[in-house]
Amino acid sequence: LDLLDHNEQIEELTRKFGDSPTLGMSFDNEQEAYQYYNSYARGVGFSVRKLRVNKDKNGVIHKREFCCSCEGFYRKKTTPKKKREQRRFGCKAMLGIKLNRDGKYVVKNFIAEHNHDLVPLSSSHLLRSQRTIEPSQAGFINQMHHAGLKPSQIFSYMTTEAGGPQHLNFIQADCNNLIMRKRIEFQKRGDSQCLLEYFKQKQAQDKSFFYSVRTNMENEICGCFFCDGKPRRDYAIFGDVLCFDTTFKTNNYNMVCAPIIGLNNHGQTILFGCGLLDGESTDACEWLFKVFLQANEGKEPKTIFTDQAQSIAAAIIEVFPNCHHRLCLWHIYQNAAKNLGHVFSEFQAFAKDFKSCVYDPEIVEEFESSWEALLDDYGLRGNSWLEGIYALREKWAQVYGRDHFCAGMTTTQRSESINAFLKKFFSRNLLLREFVVQYDKAVADRREKERQAETSTKQKWRNLSSNWNVEIEATTKYTSKLFYCFQDECKKLLGLRLKLQSDDGLTRRYMVMNSGMRGMSRSLTYDLSDQTVSCSCKKFEFEGILCAHALKLYHELEFSTLPSKYYLKRWSKEATCDVDFDSNEEVPLSTLESSSMVQYSELSHIVQRIIAKGARNNQTCTFLKSELLQLEAKLEKHPYFGDEHDEILDKHVSEDGDNLKLRDPKIQKSKGRGKGRIKSSLESKPSKRKGSSKRKG
Ligand SMILES: [Zn+2]
Ligand SMILES: [Zn+2]
């Protein structure tokens, strides 16, 4: 539409004034004269520059000269530093206008001849003065960029829509410049300052928004944490287990992205908030954990997963003294692959044996003996990496973790998906202010996945595997995802045999065995007073759903309903029903991200709908075109026409007496660490030096 508009304008001007300027030709205003000369220049094949202007003391233009961009010569000091071709060689072509008494501008001077070659019409779109991105196109470009499209993709789309690059009124470089403008603006105003203003603005609009910023002695930002109301509500329900991953570097200053991650009732990864830290020092982590507690009414998690950095472990002991600290197995696997690469490649069975040593043992002795066997079988005695992780076994071997609820966070696929997720939204060179925008997108993505899971739990009928009433009951309690986990256990019942070992009137002990030869037997303790059962596999303690062994007993005893303690609220359909965030507390994006973008998108929805209807045949197309042009003319007469949103400056965030301006962290040279992931600290041996974590608060 813009393009059409542009071409039409040219047509209109030529219709009005003819092909070529003549002396005495008169224009309503200076802008019209420029447009006319520029459209003439397009036809001839040169680019227009504004040369001289004479204004009176009221700012009214009396004289104006437009010239060919090849006018004049570079004086020495204005010669561009970069080696580039001379573009000025004293061309005399120009158009001069003067204000007449009747208020019109009249052509007083016109030189048509150029002293250089002219550009053919087919390339005239490349001429500087022919290239302008219309505001509506700018809106569209910014929107596509916001949606994550690369500048090259955006430009490719726009050229396709225009019917080829020669029909487009700007080139790739103009498009790139437009996209970069916002970033440059952030940098110019101070990235940290922009971030702080963004936080303040958000908090002004959303009372539940929480943030905290940490600065060092030089008043540079060295840490921040932020979250809004939803993650805080989520944390109240699902805050039993969390994962703290600091291995992702993400921005311009090499700060560490430190998302705090949890699992919801659909078993999905959710974000409890995000920190940015200047490193993983104990000091930095302690600061973050304390701020996190502050945001969440001091509620400590039960279990926290991290990678193996001693500094983090120390911070956990300090801030979450009652919390069970586990090491993320994904990181251990990653490191095993690096450190024991030769073993993995030499022995096919090693991976399986290693895994079963990590996951399978149910008693410590069993773990110990399988570890010893691993060392012997593969000749790994004395391997320093293995010795290092063995010393930390209580933090990663499942046998030590079975009493601690982990909601299924231990699976390596989980960490992997968290990593893929972070990669999708955060690239290496983000500014702080860009980072929070990306984070918002990441949150929106999670929220949408959550809505999908909620909908599927509500709408889909679950297939039963038996007619046992407990299974039916479970469909009414669990979310869809958790129900199928539960059902997997139910399906195992047929393969199990139960044998009573002892019964003292208060408790009964059973042995549960697999019917086949494979699989180990478990022992059950059944408490007759409250009808609860505990199993040696500890699946319930660990994951929060009953194991097949315990279910076998309830099935034998013909229970039609399970004791309610076995349905954890955090896995239930109703877990989040108390507050409906979609209708109440979620702040609409529109008020947060530049409102002009939202308005643009709103209008373009309507216009596209109209265009689709209008473009069906020639008659409706002609009708629509003339109506739209009339509408445009009307719009231009609107009293507020011309007032623009300032989408870069978040204007209404006031200077509130904080005259101390935040400074940006120093930009660190990246050491080519690949794709945004920093070396896990398992690699670098935990340093024993004290004070290796510099105090910076
Ligand atoms: Zn020229
Ligand atoms: Zn069990």
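The shown structure was predicted, so the numbers you read here are calculated from the model rather than taken from an experiment.

1. Quick notes on the overall build of the protein chain
Logical step 1: Secondary structure summary: the protein chain contains 24 helices and 17 strands in total.
Logical step 2: Here the protein chain, with 697 residues, has 47% of them falling under the buried criterion.
Logical step 3: When the accessible area of the protein chain is evaluated, it comes to approximately 37,400 Å², of which 52% is carbon and sulfur surface.

2. Focus on unusual backbone geometry
Logical step 1: With phi around 60°, Lys538 is a residue other than glycine that occupies positive phi space.
Logical step 2: Among the secondary structure elements, Lys538 is positioned in the loop between strand S17 (532–535) and helix H20 (539–543).
Logical step 3: If you check the backbone angles, Glu558 has positive phi at about 55° while not being a glycine.
Logical step 4: Residue position: Glu558 is located in the loop between helix H21 (548–556) and helix H22 (589–592).
Logical step 5: On the basis of relative accessible area, Glu558 is assigned to the exposed category, the value being 69%.

3. Here we look at the pattern of salt bridges
Logical step 1: Applying the stated criterion to the full structure yields 27 salt bridges.
Logical step 2: Here Lys104 makes a salt bridge to Asp28, at a shortest N to O gap of 2.9 Å. Of this pair, Lys104 sits in the loop between strand S4 (94–99) and strand S5 (105–111) while Asp28 sits in the loop between strand S1 (26–27) and helix H2 (30–44), placing them 76 residues apart in sequence.
Logical step 3: Judged by relative accessible area, which is 32%, Lys104 ranks as partly exposed.
Logical step 4: Put simply, Lys230, Arg233, Asp234, Arg447 and Glu450 are held in one network by salt bridges that share partners.

4. Comments concerning the nonpolar core
Logical step 1: Ranked by size, the top nonpolar core spans 72 residues in total, and within it Phe199, Phe226, Phe426, Phe435, Tyr478 and Tyr554 carry the most contacts.
Logical step 2: The residues that make up this core include at least three from each of domain 2 (226–340 + 383–460 + 666–697) and domain 3 (469–576).
Logical step 3: With residues up to four places along the chain from it excluded, the contact list for Tyr554 reads Trp468, Tyr526, Gln531, Thr532, Val533, Leu546, Phe559, Leu562, Pro563 and Tyr566.
Logical step 4: Counting 31 residues, the second largest nonpolar core, distinct from the first, contains Ile260, Ile270, Cys323 and Ala575.

5. Here's the deal with the coordination of the zinc ion (ligand 1)
Logical step 1: Looking at the zinc ion (ligand 1), the protein donor atoms are Cys68 (SG), Cys91 (SG), His114 (ND1) and His116 (NE2), and they sit 1.9 to 2.3 Å from it.
Logical step 2: Each of the 4 donor atoms around the zinc ion (ligand 1) contributes to a set of angles spanning 102 to 118°, which defines the coordination as tetrahedral.
Logical step 3: Owing to a relative accessible area of 2%, Cys91 belongs among the buried residues under this scheme.
Logical step 4: For His114, a relative accessible area of 18% translates into the label buried.

6. A few points about the UniProt feature "domain: SWIM-type" (unreviewed entry) in the protein chain
Logical step 1: As annotated by UniProt and renumbered to match this structure, "domain: SWIM-type" (unreviewed entry) occupies residues 520–558.
Logical step 2: What you have in residues 520–558 is 36% helix and 26% strand, and the ends, taken at the C-alpha atoms, are 25 Å apart.

7. Observations concerning the coordination of the zinc ion (ligand 2)
Logical step 1: Distances from the zinc ion (ligand 2) to its protein donors, Cys535 (SG), Cys537 (SG), Cys547 (SG) and His549 (ND1), fall within 2.0 to 2.3 Å.
Logical step 2: Each of the 4 donor atoms bound to the zinc ion (ligand 2) contributes to angles spanning 104 to 114°, and the resulting shape is tetrahedral.
Logical step 3: Each donor residue of the zinc ion (ligand 2) lies on the same chain, and together they follow the pattern C-x1-C-x9-C-x1-H. Placement of the pair is Cys535 in strand S17 and His549 in helix H21, with a sequence separation of 14 residues. Both residues of the pair, Cys535 and His549, count as buried.

8. Re the sheet that holds strand S16 (residues 522–527)
Logical step 1: Across the sheet, which stays open at both edges, the 4 strands sit in the order S14-S15-S16-S17 with antiparallel pairing between neighbours. Only two strands of the sheet have a single partner each, and these edge strands are strand S14 (496–503) and S17. Adjacent strand axes in the sheet meet at a mean angle of 25° when their direction is disregarded.
Logical step 2: Pairing of S16 with S17, which is carried by 4 bridges, proceeds in the antiparallel orientation. Within S17, the residue paired with Asp527 across the bridge is Thr532.

9. Some details on the sheet that holds strand S3 (residues 61–68)
Logical step 1: The antiparallel open sheet is built from 5 strands, whose spatial order is S1-S5-S4-S3-S2. The sheet is open, and its two edges are formed by S1 and strand S2 (48–55), each paired on a single side.
Logical step 2: Alignment of S3 against S4, held across 5 bridges, turns out to be antiparallel. Along S4, the bridge assignment pairs Lys63 with Lys98.

10. Some remarks on a nonpolar patch on the surface
Logical step 1: There is a patch of nonpolar side chains on the surface, built from Leu603, Ile606, Val607, Ile610 and Ile611 and spanning about 380 Å² of accessible area.
Logical step 2: Here Ile611 shows up in helix H23 (residues 595–614).
Logical step 3: Look at Ile611 and you get partly exposed, because its relative accessible area is 36%.

So, how was this worked out
- Residues numbered from 1 in each chain as written.
- Chains lettered and ligands numbered in written order.
- Predicted model: local features only at pLDDT ≥ 70, side-chain atom pairs only at ≥ 80, totals over all residues.
- Heavy atoms only, no water.
- Helix = DSSP H or I, 4+ residues; strand = E, 2+ residues; numbered from the N terminus.
- Buried < 20%, exposed > 50% of the residue type's maximum accessible area, 1.4 Å probe, protein only.
- Areas by Shrake-Rupley, 256 points an atom, 1.4 Å probe, with all protein chains shown as cover.
- Salt bridge = Lys/Arg side-chain N within 4 Å of Asp/Glu carboxyl O.
- Core = buried A, V, L, I, M, F, W, Y, C linked by side-chain atoms within 4.5 Å.
- Domains from an automatic or database assignment.
- Contact = heavy atoms within 4.5 Å.
- Donors = N, O, S within 2.8 Å, 3.2 Å for Na, K, Ca; no water.
- Tetrahedral: all angles 85-135°; square planar, octahedral: opposite > 155°, others 65-115°.
- UniProt positions renumbered as here; feature names shortened; annotations may be inferred.
- Pairing = 2+ DSSP bridges.
- Axes fitted to C-alpha atoms, helices over the stretch in contact; angles between N-to-C directions.
- Patch = residues over 30% accessible without salt bridge, like charges linked within 9 Å, V, L, I, M, F, W, Y side chains within 5 Å.

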